[in-house]
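# Structure assessment
Residues per chain are reported as follows:
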Amino acid sequence: MVIGEGLFSSFDNKPVLGTVKLKTNDFWKEIKKTRFIEQKSNHSWIRIDENDEKYGHLFLDNPKEFEEYDALVISDYNKCFLTEQNIIDISKNHPMVIIDSKRPLDVWAENCTFIKVNSQEYRNAKNITPKMKEKLIITLGPNGTWHQNKLYSVANVAIKNLSGARVILLFLVLWLSF
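Below is a summary of the structure that appears in this document.

Procedures and definitions
- Residues numbered from 1 in each chain as written.
- Predicted model: local features only at pLDDT ≥ 70, side-chain atom pairs only at ≥ 80, totals over all residues.
- Heavy atoms only, no water.
- Buried < 20%, exposed > 50% of the residue type's maximum accessible area, 1.4 Å probe, protein only.
- Helix = DSSP H or I, 4+ residues; strand = E, 2+ residues; numbered from the N terminus.
- Pairing = 2+ DSSP bridges.
- Phe/Tyr/Trp six-rings, centres within 6.5 Å; stacked < 30°, edge-to-face > 60°.
- Lys NZ or Arg CZ within 6 Å of the ring centre and 35° of its normal.
- Contact = heavy atoms within 4.5 Å.

## Here we look at the pairing of strand E8 (residues 136-139)
Of the two faces of E8, the one holding Leu136 and Ile138 and the one holding Ile137 and Thr139 are both buried throughout. Two strands pair when backbone bridges link them, and strand E7 (residues 114-118) and E8 are joined in this way by four bridges, in the parallel orientation. Across the sheet, Ile115 pairs through a bridge with Leu136, a residue of E8. Where E8 lies against strand E9 (residues 145-147), three bridges are found, and the strand directions are antiparallel. Bridged to Thr139 within E9 is Thr145. With antiparallel pairing between neighbouring strands as the criterion, E8 and E9 make up a hairpin whose turn holds five residues, including Gly141 at a positive phi of roughly 60 degrees.

What follows is the structure, encoded as structure tokens:
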């Protein structure tokens, strides 16, 4: 089960590790994201979101409604679709929750199994408890990924496009967890 604002939409709803279901806002097709990228360097300068006020909210009547799934991936762009309380309730009621959130990290993420952030999000964290430190996966761009006091290096290659990189990393974490 994927909870969030568009994660895995590029997989055309085809099963990846079995059945993948997406629980997202009702207006996701109306939200347009335009990126302005400099051609020579491929640097992304700005992204403009249109109709993003239509994100809506996740109403979670029963946090145990996700028990049938082996894993949950929460993709949280901090657009108010999910509340911190939603994340707390979901992660307390499921043994495998991977989160990628753009909101400043705090104790609300403590019960997630893995917490994926980039280096800037790590620096902007409000509070990272000792319990959370063991769960962090910090992406460092061309320098690799840091997890449990170990740096996982990557080959030095020209980066052409970052779209999908986050999804691939989350998929690998999921794959390696089973």
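## Re unusual backbone geometry
At Gln148, a residue that is not glycine, the phi angle is positive and equals roughly 50 degrees. The residue Gln148 is located in the loop between E9 and strand E10 (150-152) in this model. The phi dihedral of Asn149 falls on the positive side, at around 60 degrees, and the residue is not glycine. Note that Asn149 resides in the loop between E9 and E10.

## Quick look at the packing of aromatic side chains
What the rule picks out here adds up to zero aromatic pairs. Directly above the ring of Trp108 sits Arg103, whose terminal nitrogen or CZ lies 5.7 Å from the centroid.

## Considerations on the environment of Lys126
With respect to the secondary-structure elements, Lys126 resides in the loop between helix H2 (119-123) and helix H3 (130-133). With relative accessibility at 60%, the residue Lys126 sits in the exposed group. Sequence separation of Lys126 and Arg103 is 23 residues, and the distance between their C-alpha atoms is 9.6 Å. Apart from the residues lying within four places of it in its own chain, the contact partners of Lys126 are Pro104, Leu105 and Asp106.

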